[in-house]
There are 2 protein chains.
Amino acid sequence: MPAASVPDIVVGRLPLYLRALSQMAANGKEITSSQELGERLGISSAQIRKDLSQFGEFGKQGTGYNIGYLTDQLRRILKVDRVWDVVLVGAGDLGHAIAHYAGFVDRGYRVVAVFDNDPAKIGMAIGAFTIEDIVRMPQYIRARGVAVAMLAVPQGAAQAICDVLVESGIKAILCYAPTSIQVPKDIYVQYIDPVLHMQRMTYYLP
Amino acid sequence: MPAASVPDIVVGRLPLYLRALSQMAANGKEITSSQELGERLGISSAQIRKDLSQFGEFGKQGTGYNIGYLTDQLRRILKVDRVWDVVLVGAGDLGHAIAHYAGFVDRGYRVVAVFDNDPAKIGMAIGAFTIEDIVRMPQYIRARGVAVAMLAVPQGAAQAICDVLVESGIKAILCYAPTSIQVPKDIYVQYIDPVLHMQRMTYYLP
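Note that the structure is a prediction, hence the values are computed from the model and not measured.

Chemist: Can you explain the side chain of Arg13 of chain A? Please cite residues and give values.
Modeler: All names here are of chain A. With respect to the element layout, Arg13 can be found in helix H1 (residues 8–26). Among the residues examined, Arg13 registers a relative accessible area of 17% and is labelled buried. Ignoring anything within four residues of it in the chain, the contact list for Arg13 reads Ile43, Gln47 and Asp51.

Right, here's the structure in full:
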């Protein structure tokens, strides 16, 4: 599998395919086609076939894709045939929503600890967790070998906390703070900022 | 301004530029360059100059960009020189976080109402709002001429609610439900699903 040579834009579509296939499977469906998948996702069937062909031969001309098999293969490719431990930093409103969300574990991720720097929050319950002091975070990450973090802190705090995460051994950061953070080249960052999405839409509105 | 001819991928970067420039302005900075902006965002300076040049001449060779001016122009281009009313559908944990979030209005959006279909929630307070019955949503959207909606409902409910939103006159939907929804061609949808981002990163991890 020539993973290093696959464009990141293709990698970015694989989770969409996996999500759609998992939903089809949950609805009892066993076979699908690139056409059906494409209509569901608003992606051309040719694009889907081309993307998947970068990783192997998953379907036969005319018989479509076996959903269970393709789902297993995509899970393996995206490394979610295991469950990744995730630390959550920030126990504000968004942190609460994330800590309560039950939809991560089936898809490869499990929040294992929640950290904050606010003395008023430390020790309080948040979902199934107790909010822990952020000063204890580096040791926790190192001891447990956690590689993934979610950052739900205010913009002004993001970079400093990100530096601590990287220093502690985190390799992938999902940043909910509405700002761009600087990381070394071998660290992966993805961002979620709802306003960016809304601006991208209102641009087109009259 | 040949708006129709600008690729959506370029449109998608403009909100990033606006966010970075607004943060620079908040820090008292008045002038920047495509180099500086690029380093901050991890985008090449050539790309930034090319993107901005699609909309006009915003800086002079050698003198850089006036941050205040460019910010104003980007706000105008992205139509956030006004404030858009937004209806929020779903008063669960995520809905609460969204309803409490104070970071929308400075960037062009204002939640004006929160709807849910759960009798146990209707009438309860959520941030500054009272949760309203979703059956009253179409009339509210029409009467107020709301164009933008945020959808924070479970996956299984997303499509049906989306259909109601579109029927009521909504033109842009930010969907937090982890699923793909079908809309007519003249409706804009953007998605937020944290798992897609995490899978895109763990793909690269050992």
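From this point, the discussion proceeds with the structure in view.
Chemist: If you had to explain the environment of Asn117 of chain A to someone new, which residues and values would you point to?
Modeler: Looking at the secondary structure, you find Asn117 of chain A in the loop between strand S5 (109–116) and strand S6 (125–126). Placed 46 residues apart in sequence, Asn117 of chain A and Thr71 of chain A show a C-alpha to C-alpha distance of 40 Å.

Chemist: Describe the nonpolar core, and please don't skip the residues or the numbers.
Modeler: One finds Leu52, Met150 and Met198 of chain A together with Leu52, Met150 and Met198 of chain B to be the most contacted residues of the largest nonpolar core, which totals 98 residues. When near neighbours in sequence (up to four residues on either side) are disregarded, Met150 of chain A contacts Val86, Val87, Leu88, Val89, Ile98, Phe104, Leu174 and Tyr176 of chain A together with Pro194 and Met198 of chain B.

Chemist: I'd like a description of the sheet that holds strand S8 (residues 132–133) of chain B, backed by residues and values.
Modeler: Residue and element names in this part refer to chain B. The six strands are arranged S8-S5-S4-S9-S10-S11 in an open sheet whose pairing can be described as parallel. Of all the strands in the sheet, the pair left with one neighbour each is S8 and strand S11 (188–191). Where strand S5 (residues 109–116) lies against S8, two bridges are found, and the strand directions are parallel. Opposite Phe115, over in S8, you have Glu132 as the bridge partner. Together, strand S4 (84–89), strand S9 (148–151) and strand S10 (172–175) form the strand contacts of helix H7 (residues 155–168), whose direction differs from that of S9 by roughly 170°.

Chemist: Describe the sheet that holds strand S9 (residues 148–151) of chain A, naming the residues involved and giving the relevant values.
Modeler: Each strand in a sheet pairs with another by means of backbone hydrogen bonds, the pair being arranged parallel or else antiparallel. Residues and elements named next belong to chain A. Spatial strand order, S8-S5-S4-S9-S10-S11: six strands in an open sheet with parallel pairing. Edge strands, defined here as strands with exactly one partner in the open sheet, are strand S8 (132–133) and strand S11 (188–191). On top of the sheet, helix H7 (residues 155–168) reaches strand S4 (84–89), S9 and strand S10 (172–175); it is set at about 170° to S9, its chief contact.

Chemist: Before we move on, can you summarise the pattern of salt bridges with the specific residues and values?
Modeler: Applying the stated criterion across every chain, the model contains 18 salt bridges over all chains. Between Asp8 of chain A and Arg200 of chain B there is a salt bridge, and its shortest N-O distance comes to 2.8 Å. Placement of Asp8 of chain A in helix H1 and of Arg200 of chain B in helix H8 (residues 194–202) is noted, with the two residues assigned to different chains. The partly exposed category is assigned to Arg200 of chain B, whose relative accessible area is 21%. For Asp51 of chain B, the salt bridge goes to Arg13 of chain B, with nearest N and O atoms at 2.6 Å. In this pair, Asp51 of chain B sits in helix H3 (residues 45–53) while Arg13 of chain B sits in helix H1 (residues 8–26), placing the two residues 38 residues apart along the sequence. For the residue pair Asp51 of chain B and Arg13 of chain B, the accessibility class agrees, reading buried in each case. Because the salt bridges share partners, they merge into one network encompassing Arg19 and Arg107 of chain A together with Asp193 of chain B.

Chemist: Pulling in residues and values, what's your account of the packing of aromatic side chains?
Modeler: Tallied over the full model, the rule gives twelve aromatic pairs over all chains. Ring geometry for Tyr204 of chain A versus Tyr188 of chain B: centroids 5.0 Å apart, planes at 10°, classification stacked. You can see Tyr204 of chain A sitting in the segment after helix H8 (194–202) and its partner Tyr188 of chain B sitting in strand S11, one on each of two chains. Judged by relative accessible area, which is 28%, Tyr188 of chain B ranks as partly exposed.

Chemist: Lay out unusual backbone geometry in plain terms, naming residues and giving numbers.
Modeler: Most peptide bonds take the trans configuration, and most residues that are not glycine carry a negative phi. Even without being a glycine, Lys79 of chain A presents a positive backbone phi close to 65°. With respect to the secondary-structure elements, Lys79 of chain A resides in the loop between helix H4 (67–77) and S4.

Chemist: Describe the packing of H1 of chain A against helix H2 (residues 34–41) of chain A, with residues and values.
Modeler: The description of two packed helices rests on the angle between their axes and on the distance between the axes. Residue and element names in this part refer to chain A. Contact geometry of H1 with H2 gives a least axis separation of 11 Å together with a crossing angle of 105°. With respect to each other, H1 and H2 are oriented roughly perpendicular. Contacts between H1 and H2 involve Leu16, Tyr17, Ala20, Leu21, Gln23 and Met24 from the first element and Glu36, Leu37, Arg40 and Leu41 from the second. Its residues assigned to classes, the contact of H1 with H2 shows seven nonpolar, one polar and two charged.

Chemist: Quick one: what's the story with H3 of chain B, residue by residue and with numbers?
Modeler: All names here are of chain B. When we look at burial in H3, the residues that qualify are Ile48, Asp51 and Leu52. Down the axis of H3, the buried set is contained in an arc of 90°. They therefore lie on one face. Residues of H3 that are buried make contact with H1, helix H2 (34–41), strand S3 (64–66) and helix H4 (67–77).

Chemist: Could you give me a rundown of the relation of the copies chain B and chain A, with the residues and numbers involved?
Modeler: Once chain B has been moved 0.0 Å along the axis and rotated by 180°, it coincides with chain A to within an RMSD of 0.0 Å. In the structure described here, the two chain copies are related by an operation that fits a two-fold rotation axis. Most of the interface of chain B is mirrored in chain A, where 98% of its interface residues again form contacts.

Chemist: Go over the interface of chain B and chain A with me, naming the residues and quoting the values.
Modeler: Each side of the interface is counted separately: chain B has 63 residues, and chain A has 62 residues. Three residues stand out in chain B for area buried against chain A, namely Arg200, Met201 and Tyr203 of chain B, and they jointly supply 14% of the buried area on that side. Breaking the side of chain B that touches chain A down by element, the ones donating at least two residues are H1, H2, S4, helix H5 (93–100), S9, S10, S11 and H8 of chain B. Partitioned by chemical class, the residues of the side of chain B that touches chain A number 40 nonpolar, twelve polar and eleven charged.

Chemist: Break down the environment of Pro154 of chain A for me, citing the residues and quoting the values.
Modeler: Residue and element names in this part refer to chain A. Inspection of the secondary structure puts Pro154 in the loop between S9 and H7. When its relative accessible area of 60% is taken as the criterion, Pro154 is described as exposed. With 22 residues separating them along the chain, Pro154 and Tyr176 place their C-alpha atoms 8.6 Å apart.

Scoring rules and cut-offs
- Residues numbered from 1 in each chain as written.
- Chains lettered and ligands numbered in written order.
- Predicted model: local features only at pLDDT ≥ 70, side-chain atom pairs only at ≥ 80, totals over all residues.
- Heavy atoms only, no water.
- Helix = DSSP H or I, 4+ residues; strand = E, 2+ residues; numbered from the N terminus.
- Buried < 20%, exposed > 50% of the residue type's maximum accessible area, 1.4 Å probe, protein only.
- Contact = heavy atoms within 4.5 Å.
- Core = buried A, V, L, I, M, F, W, Y, C linked by side-chain atoms within 4.5 Å.
- Pairing = 2+ DSSP bridges.
- Axes fitted to C-alpha atoms, helices over the stretch in contact; angles between N-to-C directions.
- Salt bridge = Lys/Arg side-chain N within 4 Å of Asp/Glu carboxyl O.
- Phe/Tyr/Trp six-rings, centres within 6.5 Å; stacked < 30°, edge-to-face > 60°.
- Parallel < 35°, antiparallel > 145°, perpendicular 65-115°, else oblique.
- Nonpolar A, V, L, I, M, F, W, Y, C, P; charged D, E, K, R; others polar.
- Arc of directions from axis to C-beta.
- Least-squares fit on C-alpha atoms with pLDDT ≥ 70 in both.
- Buried area = accessible area lost by both parts, 1.4 Å probe.

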